[in-house]
Amino acid sequence: MLSKAQIKHIRSLSLQKYRQEYRQFVVEGEKTSAEWLRSSSSIDLIVAEQEWIDQHTGLIAMHQEATLHVAEAAVLSSVSSLKTPNKVLLVVPYDNALTKAPDDEWVILLDGIRDPGNMGSILRIADWFGIKNIVCSKDCVDVHNAKVIQAAMGSHLRVRIFEEELANYIEGLQIPVFAAVLNGENIYKMNRPSKAAVIIGNEGAGIRQSIIEKATHKITIPSQGGAESLNAAVSTGIICALLMGR
């Protein structure tokens, strides 16, 4: 049974300042939680209904480091950030092993991505294409936001996420840098690189000019209709498919 202090603590993790202070975040949902439990990543707390616990004893046994609490549906609902709470919730520590992003591997650079759904979808896209590294500007949405966790559906476990000053990071790269803009080179006519960095900009403002100037290539997905622009995550998926497809 969760104490009042534990309930208060879990609720506090819905705010970025407390996630950063305690170096913890919340994973919710039966499918995503089960994927986390199958991994070797550390887990601090497992809170679940008894029925769910009984059905997943093998997964729970893989994490002796975690404290297990049985909770009624009403308690889970009281600490959940979801409109429809699930039967299990995990409190997970930040991965403190990450230092500096590599400079010679496929990487997606995110300049001011603010929408949690876009961020989570981009993580899934990177995971799908086997891109292990994402570098975020300091004004991106927190990647441990509950909505990002939900949208990424476990991709946090396989994609390394860094926060860097993008301009400085780009200067140290050993690979081509492709900036997704509206007036660049037709991506359908380009040769595919063996490795590259792809810059995706803010949902409304696009990539900052100071960052565009650092790119070695400016690329465009040509429009054949009347839409003003493409969703950031959709653009990421198309660009990855065209640049990485074999």
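Preceding block: the structure.
Predicted model, so just to flag it, every value in this text is computed and none were measured.

Another aspect to go through is the pairing of strand β9 (residues 197-201). Within β9, 5 of the 5 residues are buried, which leaves the element mostly enclosed by the surrounding structure. Alternating residues of β9 divide into Ala197, Ile199 and Gly201 and Val198 and Ile200, and every residue in both groups is buried. Of the strand pairs in this sheet, strand β5 (residues 107-111) and β9 are connected by 5 bridges, and their pairing is parallel. If you follow Leu110 over to β9, its bridge partner there is Ile200. One ladder, built from 3 bridges, connects strand β8 (residues 177-186) with β9; its direction is parallel. Bridged to Val177 within β9 is Ala197.

How two helices pack is summed up by the angle between their axes together with the distance between the axes. Interaxial distance between helix α7 (residues 116-128) and helix α11 (residues 232-244) falls to 8 Å at its minimum, and their mutual angle equals 15 degrees. For the element pair α7 / α11, the angle class is roughly parallel. Helix-helix and strand crossings are classified by hand; for α7 and α11 the assignment is right-handed. Taking contact as the criterion, the partners of Asn118, Ser121, Ile122 and Ile125 in α7 are, on α11, Ala232, Ala233, Thr236, Gly237 and Cys240. Here the residues of the contact of α7 with α11 are counted per class, giving 5 nonpolar, 4 polar and no charged.

Throughout the structure, instances matching the rule amount to 9 salt bridges. Ionic pairing is found between Glu105 and Arg160, a salt bridge with its closest N-O pair at 3.1 Å. Note that Glu105 is positioned in the loop between β4 (88-93) and β5 and Arg160 in strand β7 (residues 160-163), a separation of 55 residues in sequence. The exposure class of Glu105 is partly exposed, given its relative accessible area of 32%. We classify Arg160 as partly exposed; its relative accessible area is 32%. Here the salt bridges share partners, and the residues they tie into one network are Glu35, Asp127 and Arg158.

With that out of the way, let us pick up the layout of surface pockets. A volume near 660 Å³ is recorded for the second largest pocket. Val181, Leu182, Ser229, Leu230 and Ser235 are, among the 24 residues lining the second largest pocket, the residues nearest its centre. Looking at the lining of the second largest pocket, the elements with two or more residues in it are β8, β9, β10 (217-220) and α11. Looking at the lining of the second largest pocket, its residues break down into 13 nonpolar, 9 polar and 2 charged.

Let us now look at the nonpolar core. Within the largest apolar cluster, 33 residues are counted, with the highest numbers of intra-cluster contacts made by Ile108, Leu110, Met119, Ile134, Cys136, Ile200 and Ile239. Taken together, the elements giving at least two residues each to this core come down to β5, α7, β6 (133-136), α8 (146-152), β9 and α11. Per-element tally for this core: the top contributor is α11, with 6 residues.

Moving on, we get to the sheet that holds strand β2 (residues 45-48). Whether parallel or antiparallel, the strands of a sheet pair through hydrogen bonds between backbone atoms. The sheet built from 4 strands is open, its strands ordered β1-β4-β2-β3 with mixed pairing. Edge strands, defined here as strands with exactly one partner in the open sheet, are β1 (24-28) and β3 (67-70). Along the sheet, successive strands turn relative to each other by an average axial angle of 15 degrees, direction set aside. Bridge count between β2 and β3: 4 bridges; the pairing is parallel. Looking at the pairing, Leu45 lines up with Thr67 of β3.

Rules of the game
- Residues numbered from 1 in each chain as written.
- Predicted model: local features only at pLDDT ≥ 70, side-chain atom pairs only at ≥ 80, totals over all residues.
- Heavy atoms only, no water.
- Buried < 20%, exposed > 50% of the residue type's maximum accessible area, 1.4 Å probe, protein only.
- Helix = DSSP H or I, 4+ residues; strand = E, 2+ residues; numbered from the N terminus.
- Pairing = 2+ DSSP bridges.
- Axes fitted to C-alpha atoms, helices over the stretch in contact; angles between N-to-C directions.
- Parallel < 35°, antiparallel > 145°, perpendicular 65-115°, else oblique.
- Left-handed = near helix turned anticlockwise from the far one by under 90°.
- Contact = heavy atoms within 4.5 Å.
- Nonpolar A, V, L, I, M, F, W, Y, C, P; charged D, E, K, R; others polar.
- Salt bridge = Lys/Arg side-chain N within 4 Å of Asp/Glu carboxyl O.
- 1 Å grid on protein atoms, 1.4 Å probe; cavity = no way out; pocket = protein on both sides within 12 Å on 5 of 7 lines; lining within 4 Å.
- Points joined across faces, edges and corners; volume = space filled by probe spheres on them.
- Core = buried A, V, L, I, M, F, W, Y, C linked by side-chain atoms within 4.5 Å.

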